Each structure stands twice: as C-alpha cells, then as structure tokens.
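# Commentary on secondary and tertiary structure
In case you want the letters, here they are:
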Amino acid sequence: MLAKDKIIYEHFFIGSCDWYAAEFGLGDRLFFGYAILNDDFQNSEWGYFDLESLESINIGGLEVDRDLYWKPKKASEIEKICLGEGW
C-alpha cells in the first residue's frame, strides 16, 4: 500500500505539533503514523509513536489532545501530511 493511501484513524495534537495514527497495536498503545513537530514539514516523517509518550507531554499545563471530531481519511486527503510529503 502506498503511503498516500494509508487510512489515518486518529489525530493527536498540541500547539503546532500533530501525530496522525494509521496503524496501531499492543492494546492500542503503539501507533505507526505521521508526525509533524512544530510545523516543521521538512523534518516530518512516518514512524512509530506510543500513547504513553504522548500522555507524558505537558507544556505549561497543556497536554496532548485527541481530536474528538476526527473522521478516518486517506493520508492524501490531509493537507499537513501532503505538505510534509510534497504531494
């Protein structure tokens, strides 16, 4: 499957950082997906991240949120991923 066609099932965010989950395992605690930190599209990438690490982030009392209104969609339909991948 091409990266463009991967379905992104979850979106997590804090400030200008986004994590998009395409695959998950280990009791839904380990994800494979796309990360964009501080809107740095040149260094954004596909890789693994875990829920425990996201839950441990606390910046001035702000924590990583899960996008409660997120609807699954292809990676190619997400503007920020397209910017990072140059699609």
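The coordinates are above.
Model, not experiment: these values are computed from the prediction. (Residues numbered from 1 in each chain as written. Predicted model: local features only at pLDDT ≥ 70, side-chain atom pairs only at ≥ 80, totals over all residues. Heavy atoms only, no water.)

## Considerations on the layout of surface pockets
The space that makes up the largest pocket amounts to roughly 160 Å³. Contributing elements (two or more residues each) for the lining of the largest pocket: β4 (30–36) and β5 (45–50). Per-element tally for the lining of the largest pocket: the top contributor is β5, with five residues. Its residues assigned to classes, the lining of the largest pocket comprises six nonpolar, four polar and two charged. (1 Å grid on protein atoms, 1.4 Å probe; cavity = no way out; pocket = protein on both sides within 12 Å on 5 of 7 lines; lining within 4 Å. Points joined across faces, edges and corners; volume = space filled by probe spheres on them. Helix = DSSP H or I, 4+ residues; strand = E, 2+ residues; numbered from the N terminus. Nonpolar A, V, L, I, M, F, W, Y, C, P; charged D, E, K, R; others polar.)

## Re the environment of D67
Tracing the chain through its elements places D67 in the loop between β8 (65–66) and β9 (73–74). Distance from D67 to H11, taken between C-alpha atoms, is 5.5 Å for residues 56 residues apart in sequence. Each residue touching D67, except ones within four places of it in the same chain, is listed here: H11 and F13. (Contact = heavy atoms within 4.5 Å.)

## Quick look at the state of the cysteines
A complete count under the given rule lists zero disulfides for this structure. For the unlinked cysteine C17, the closest cysteine sulfur is that of C82, found at 19 Å. Relative accessible area serves as the criterion here: at 12%, C17 is assigned to the buried category. We classify C82 as buried; its relative accessible area is 16%. (Disulfide = S-S within 2.5 Å. Buried < 20%, exposed > 50% of the residue type's maximum accessible area, 1.4 Å probe, protein only.)

## Re the side chain of K6
Structurally, K6 is set in the segment before β1 (7–8). K6 has contacts with M1, A22, E23, F32, W46, K73, K74 and A75, leaving out every residue within four places of it along the chain.

## Remarks on the packing of aromatic side chains
All chains considered together, the criterion is met by eight aromatic pairs. Where F32 meets W46, the ring centres are 6.0 Å apart and the plane angle is 15°; that geometry is what we call stacked. Remark: W46 occurs in strand β5 and F32 occurs in strand β4; sequence separation between them is 14 residues. Taking the centre distance of 5.1 Å and the plane angle of 70° together, the rings of Y34 and W46 count as edge-to-face. With Y34 in strand β4 and W46 in strand β5, this pair connects stretches of sequence that are 12 residues apart. The ring of W70 has K73 sitting right over it, with the charged end atom 4.6 Å from the ring centre. (Phe/Tyr/Trp six-rings, centres within 6.5 Å; stacked < 30°, edge-to-face > 60°. Lys NZ or Arg CZ within 6 Å of the ring centre and 35° of its normal.)

By themselves, these observations are geometric and do not establish any function.
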